[in-house]
Amino acid sequence: MFDGDFGNPASTSHVFGWEAEEHVENARVQLAQLIGADPLEIVWTSGATESDNLALKGLAEHFGSGHIVTSAYEHKAVLDTCEYLEKTGIRVTYVKPDTDGLVSPNHVADAIEHDTFVVSIMHVNNEIGVLNDVSSIGQICRDGGVFFHVDAAQSVGKVPVNVDKLNIDMLSISGHKIYGPKGIGALYVRRAGNIPLQAIIHGGGHERGLRSGTLATHQIVGIGAAASICTVELEREATHLRALRERLWAHLRQIPDVHMNGSENQRIPGLINIGFGGVDGETLLMALNDVAVSSGSACTSATVEPSYVLRAIGVADELASASLRFTVGRFTTEEEVDYAATRIADVVHTLRERRTDS
């Protein structure tokens, strides 16, 4: 850790800059170790949203035209970026996930065209927690000479991620998803891939010309420390989270007419999405104001429309509107899980009774 080093890591003419740079490069090593990368392949950004933008816009800037393959249930950071690129003349194919919430490698292969320059498929869906077979998709891309980008905001630090074994060219990472600070993230860019990525933020040529701007040393140190903890604790923590998730599901599945959205087995340890039949979703969510749950991504939780992710996997609008995303974390206890399950069961029962009476 460091205390009071306020130098600019880009300043190479004095000791204060050298000390700040040392902290930045140490964090780069720590994050690289977590994903099996070379530290020189880590580009600091403000978060996974910026990393997604840099990966897709940066390649589109180089190619000028062509085709992108992504999925219909990506995070908005990818979907909105693709929508923007479509306005510039880039063509985009949105592969639909199956009813288990998984993107088929074969469907991705079928979508690739002669001028496809990048495929972008998330490792883990942020609303339903399912785990895609990115290794197979990456191999398809490698064999076809297409760059492969993965939004891994929900998987890094929660399941083993090795960018070489998963055949990934670019990987987006979020600091706060691994208990680091908000406002910091990274984009892994494979050096051996000769990826012609163009900068989308200019002014100073920082991060080997890929991302200009004075580095947030304190936040970078934070994500490095968080990555280091994850490297050591990943397996133990995954066991802990899986046990809590299964405990929660064991409670909730006792409620009549409940449905798990997405594959029950192919998912990360700490996230589950449950639909409750026969209740109004907005009323359910408001009644659970003492339980930290959401009806979708935190980035779209202000909307009243059914989740586009659940629609994409074929969940009917009424059930999608009455579906909640539950996450357990490093500091969640069994007592909190039991309390939440009891509250949810009581609220669902009350709301169903009111609907019957009316």
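This text follows the structure it describes.
Worth saying up front: this structure is predicted, and the values here are computed from it rather than measured. (Residues numbered from 1 in each chain as written. Predicted model: local features only at pLDDT ≥ 70, side-chain atom pairs only at ≥ 80, totals over all residues. Heavy atoms only, no water.)

### Here's the deal with the packing of aromatic side chains
In total, this model carries 3 aromatic pairs according to the counting rule given. Note on F63 and F117: the rings are 4.9 Å apart at their centroids and 20 degrees apart in plane angle, and the pair reads as stacked. Of this pair, F63 sits in helix α2 (residues 48–63) while F117 sits in strand β4 (residues 116–120), placing them 54 residues apart in sequence. The partly exposed category is assigned to F63, whose relative accessible area is 35%. The class of F117 is buried, set by a relative accessible area of 3%. Between Y179 and F331 the ring centres are 5.7 Å apart and the planes differ by 85 degrees, which places this aromatic pair in the edge-to-face class. Within this pair, whereas Y179 is found in the loop between β6 (170–174) and β7 (185–189), its partner F331 is found in the loop between β10 (323–327) and α10 (334–357), the two being separated by 152 residues in sequence. For Y179, a relative accessible area of 38% translates into the label partly exposed. If you follow K57 out to its NZ or CZ, it ends over the ring of Y84, 4.8 Å from the centre. Just above the ring of Y308 sits the side chain of K76; from NZ or CZ to the centre is 4.5 Å. (Phe/Tyr/Trp six-rings, centres within 6.5 Å; stacked < 30°, edge-to-face > 60°. Helix = DSSP H or I, 4+ residues; strand = E, 2+ residues; numbered from the N terminus. Buried < 20%, exposed > 50% of the residue type's maximum accessible area, 1.4 Å probe, protein only. Lys NZ or Arg CZ within 6 Å of the ring centre and 35° of its normal.)

### Some remarks on the state of the cysteines
One pass over the structure, following the stated rule, counts 0 disulfides. C82 forms no disulfide, and the closest cysteine sulfur to it belongs to C141, at a distance of 14 Å. (Disulfide = S-S within 2.5 Å.)

### As for the sheet that holds β6
The 7 strands lie next to each other as β1-β7-β6-β5-β4-β2-β3, forming an open sheet whose pairing is mixed. Taken across any chain shown, the strands that pair with only one partner, and hence form the sheet edges, are β1 (42–45) and β3 (91–95). Neighbouring strand axes in the sheet, compared pairwise and without regard to direction, differ in orientation by 20 degrees on average. Sheet analysis places strand β2 (residues 67–71) next to β4, joined by 4 bridges and oriented parallel. Along β4, the bridge assignment pairs I68 with V118. Against the sheet, helix α3 (residues 76–87) contacts β2, β3, β4 and β5 (147–151), and its axis sits at roughly 150 degrees relative to β3. Its contacts with the sheet place helix α5 (residues 134–144) against β4 and β5, and it is angled at close to 155 degrees to β5. (Pairing = 2+ DSSP bridges. Axes fitted to C-alpha atoms, helices over the stretch in contact; angles between N-to-C directions. Contact = heavy atoms within 4.5 Å.)

### Topic: the packing of α2 against α3
The packing of two helices is summarised by the inter-axis angle and the distance between the axes. For the pair α2 and α3, the least separation of the axes is 9 Å and the interaxial angle reads 30 degrees. In terms of orientation, α2 lies roughly parallel with respect to α3. For the element pair α2 and α3, the recorded crossing hand is right-handed. Every residue of α3 that contacts α2 at T49, D52, N53, L56, K57 and A60 is listed here: A77, V78, T81, C82, Y84 and L85. (Parallel < 35°, antiparallel > 145°, perpendicular 65-115°, else oblique. Left-handed = near helix turned anticlockwise from the far one by under 90°.)

### Re the environment of Q266
Tracing the backbone shows Q266 in the loop between β8 (258–260) and β9 (271–276). On a C-alpha basis, the gap between Q266 and G17 in space is 46 Å, while along the polypeptide they are 249 residues apart. Once you skip the residues sitting within four places of it in the chain, Q266 turns out to touch L102, G129, V130, L131, N132 and D133. Polar side-chain contacts of Q266 include one of 2.8 Å to the backbone oxygen of L131. (Polar contact = N/O pair within 3.5 Å; in protein donor to acceptor, adjacent residues only side chain to side chain.)

### Some words on the sheet that holds β8
Strand order in the open sheet formed by 3 strands is β8-β9-β10, and the pairing between neighbours is antiparallel. Whereas interior strands pair on both sides, the edge strands pair on one side only; in this sheet they are β8 and β10. Between one strand axis and the next, the sheet turns through 30 degrees on average, direction left out of account. In terms of strand pairing, β8 meets β9 through 3 bridges, oriented antiparallel. Paired with M260 across the strands is I274, a residue of β9. Against the sheet, helix α6 (residues 217–252) engages β8, β9 and β10, with an angle of about 10 degrees to β9.

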